Amino acid sequence: ICAQDAPVTICIDRGGVSGRDGATHQGVFDLSFLRSIPNVTVASPADGRELEYLLDFSLRYPHPLAIRYPRTAQEDFGKSQPITELNWQIFEQGKDIAVLAVGERAISLAYRIRSITNVPFTLVNARFVKPLDEKLLLSLTERVVVTIEDNVLCGGFGESVSAFYSQTDKTVQSFGYADAFIPHGDVSELMQAYGLNEAEICEYIEYVKRSLP
């Protein structure tokens, strides 16, 4: 598909931790291996409404498109709009810290952290993992960038953002899953145990806020 640059859309169910389907069904590697394939665009919608807009967008998109989403779509952030280009969307404007979140679970986690810490960081819906929205990345004035992804860190979204900012003075901290096979279990418990630990991310956000002048 990608070698021919064919206009094919691949819908990937059970993106991220799928829960009680077993270790073989945890969809935590797809963002990493898809990023390495030429010609493919990789998307992860913020919620069910944005998934609908992505599917509509796919009908007009003339290249390979992979859309990955969790087993169940439970959120509606009320911010989704029809998609016409490969860009990201700022959900909440803030200062000092920018959080780039990929997909429904990461965005939901970011909102909880924003509420718990009471730190008004900028929250970005990074709905396209490949290509990166370089225009938005260049426009961010925040000194610290945090990435959250429902995927392993190895080869994932956070690595690509770190590489993009490698020659700048920005600090990038990425949160995702460890380089391991994740066993059967409750989704929220697995997220906490394998890398998307709410308390740990809150602690980092609060530490950064205290450290900034």
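Cut-off values and rules
Along each chain, the written sequence defines residue order, and numbers are assigned to residues from 1. Under the rules for a predicted model, residues below a pLDDT of 70 receive no local features and side-chain atom pairs below 80 are neither given nor counted, while totals for whole chains, interfaces and linings still include all residues. Heavy atoms throughout the structure, all of them, feed into the side-chain values; hydrogens and water do not. Paired rings are identified among Phe, Tyr and Trp, the last through its six-membered ring, by centres lying within 6.5 Å, and are further divided according to the angle between planes into stacked (under 30 degrees), edge-to-face (over 60) and tilted (the rest). In DSSP terms, a helix is any run of H or I states spanning at least four residues, a strand is any run of E spanning at least two, and both are numbered starting from the N terminus. Think of it in three bands: with a 1.4 Å probe and only protein chains considered, a residue is buried below 20% of the maximum accessible area for its type, exposed above 50%, and partly exposed in between. By the convention used here, strands pair only if DSSP detects at least 2 bridges between them. For helices, the axis comes from a line fit to the C-alpha atoms of the stretch in contact; other axes are also lines fit to C-alpha atoms, and the angle between any two N-to-C directions lies between 0 and 180 degrees. Joining through side-chain atoms within 4.5 Å is the link that ties buried Ala, Val, Leu, Ile, Met, Phe, Trp, Tyr and Cys residues into a set, and such a set is a nonpolar core. Any two residues whose heavy atoms approach within 4.5 Å are treated as being in contact. Polar contact is the term for a pair of N or O atoms within 3.5 Å; when the atoms are in protein, one must be able to donate a hydrogen and the other to accept it, and sequence-neighboring residues count only if both atoms are side-chain atoms. A helix is expected to span 1.5 Å for every residue after the first.

K.L.:
Outline the packing of aromatic side chains, listing residues and values.
P.N.:
The geometry of an aromatic ring pair comes down to the distance between the two centres and the angle between the two planes. This model, assessed by the stated rule, comprises eight aromatic pairs. Ring centres 6.3 Å apart and planes at 65 degrees place the aromatic pair Phe57 and Phe128 in the edge-to-face group. Here Phe128 lies in strand β7 (residues 128-130) and Phe57 lies in helix α2 (residues 48-58), a separation of 71 residues in the sequence. For the pair shown, Phe57 and Phe128 are each scored as buried. Measuring from ring centre to ring centre gives 5.3 Å for Phe164 and Tyr165, while their planes differ by 80 degrees; the resulting arrangement is edge-to-face.

K.L.:
Go over the sheet that holds strand β9 (residues 171-177) with me, naming the residues and quoting the values.
P.N.:
The mixed open sheet is built from five strands, whose spatial order is β4-β6-β5-β8-β9. Two strands bound the open sheet, and with one partner strand each, they are β4 (89-92) and β9. For this sheet, the mean angle separating the axes of adjacent strands, direction not counted, is 25 degrees.

K.L.:
Could you give an account of the nonpolar core, naming the residues involved and the relevant values?
P.N.:
Ranked by internal contacts, the top residues of the largest apolar core, which has 32 residues, are Ile97, Val99, Val146, Ile148 and Ile205. Listed by contribution, the elements that provide at least two residues to this core are β5 (97-102), α3 (103-117), β8 (144-152), β9, α6 (187-194) and α7 (198-211). In contact with Val99, not counting residues within four places along its chain, are Ala110, Phe121, Thr122, Leu123, Val124, Val146, Ile148 and Ile205. Core analysis: the next-biggest nonpolar cluster, separate from the first, contains 31 residues, Val40, Leu65, Ala66 and Leu137 among them.

K.L.:
Just give me the short version of the side chain of Thr147, but keep the residues and values in it.
P.N.:
Mapped onto the fold, Thr147 is located in strand β8. Residue classification places Thr147 among the buried positions, given a relative accessible area of 0%. At 2.8 Å, the side chain of Thr147 forms a polar contact with the side chain of Ser174. Sequence-distant contacts of Thr147, defined by excluding residues within four places in its chain, comprise Leu100, Phe157, Gly158, Val161, Val172, Gln173, Ser174 and Phe175.

K.L.:
Run through α7, naming residues and quoting values.
P.N.:
With 14 residues, α7 should cover 20 Å at 1.5 Å per step; its first-to-last C-alpha distance of 20 Å lies within 8% of that length. The inward-facing, buried residues of α7 contact β5, α3, β8, β9 and α6. Between the side-chain oxygen of the N-cap and the backbone nitrogen of Ala199 there are 3.1 Å, and the N-cap of α7 in question is Asn197.

K.L.:
Give me the lowdown on the pairing of strand β3 (residues 65-68), citing residues and values where you can.
P.N.:
Residue alternation in β3 divides its side chains into two sets, Leu65 and Ile67 and Ala66 and Arg68, and both sets are buried. Where strand β1 (residues 9-12) and β3 come together, four bridges link them in parallel fashion. From the neighbouring strand, Thr9 faces β3, where its bridge partner is Leu65. Looking at chain direction, strand β2 (residues 41-43) and β3 are connected through three bridges and run parallel.

K.L.:
Give me unusual backbone geometry: which residues, what numbers.
P.N.:
The linkage connecting Lys130 with the following residue, Pro131, adopts the cis geometry, with an omega of 0 degrees. Even without a glycine there, the phi angle at Arg14 is positive, about 65 degrees. Within the fold, Arg14 resides in the loop between β1 and α1 (30-35). According to the relative accessible area criterion, Arg14 is partly exposed, its value standing at 26%.

Function cannot be inferred from these measures alone, as they are strictly geometric.
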